[in-house]
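# Structural characterization, general
Listed below, chain by chain, are the residues.
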Amino acid sequence: MAIGAKDKIDALLVKKYQGLKVDNPVIQSSMIDPDKMLEAMNDYAMIHMNALNLQQQLKSTCIKAISLNIQYRKSKNIKMRKPAQAVK
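Residues numbered from 1 in each chain as written. Predicted model: local features only at pLDDT ≥ 70, side-chain atom pairs only at ≥ 80, totals over all residues. Heavy atoms only, no water.

## Brief notes about the overall build of the chain
Rules: Numbering of helices and strands runs from the N terminus; a helix is a DSSP stretch of H or I covering at least four residues, while a strand is a stretch of E covering at least two. When accessible area is computed with a 1.4 Å probe and restricted to protein chains, residues below 20% of their type maximum are described as buried, those above 50% as exposed, and intermediate ones as partly exposed. Accessible surface is estimated by sampling points in the Shrake-Rupley manner with a 1.4 Å probe; for residues, cover comes only from the protein chains shown.
Looking only at helices and strands, one finds 2 helices and 0 strands in the chain. Counting every position in the chain, which comprises 88 residues, the buried fraction comes to 0%. Carbon and sulfur atoms form 60% of the exposed surface of the chain, whose accessible area is close to 10,300 Å².

Right under this line is the structure:
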């Protein structure tokens, strides 16, 4: 595997930027403490998980209540119509 420019455009770019010195950006200290941010994210995730659990429990309770309240009615026996006999 060769290292370097593969075509004329790459060679020109290398020539243009080879003399420039690029400094790493200085990361300024954050106004928010990372530990507090992680705690807030953890709290948000726990609240979301509790909301999902409550939703599942409410769904289960509603299904049980509806199933206990269902009243089945016996439908009339519907007799099958006999097909009309062919007239001879």
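That shown, we press on.
## What about a negative patch on the surface?
Here is the rule: Patches here are clusters of residues that have more than 30% relative accessible area and form no salt bridge, with a 9 Å joining cutoff for like charges and a 5 Å cutoff for nonpolar side chains (Val, Leu, Ile, Met, Phe, Trp, Tyr). Any Lys or Arg side-chain nitrogen located within 4 Å of an Asp or Glu carboxyl oxygen qualifies as a salt bridge. Only four residue types enter the charge count: Lys and Arg as positive, Asp and Glu as negative, with His and the chain ends excluded. To locate a charge, the coordinates of NZ of Lys, CZ of Arg, CG of Asp or CD of Glu are taken.
A grouping of D33, D35, E39 and D43 is seen on the molecular surface, where their side chains present a negatively charged patch. Turning to its location among the elements, D33 is positioned in the loop between α1 (8–17) and α2 (34–69).

## Concerning a nonpolar patch on the surface
Together, M31, I32, M37, L38 and M41 line one region of the surface with nonpolar side chains, adding up to about 590 Å² of accessible area. Along the chain, the position of M41 falls in helix α2.

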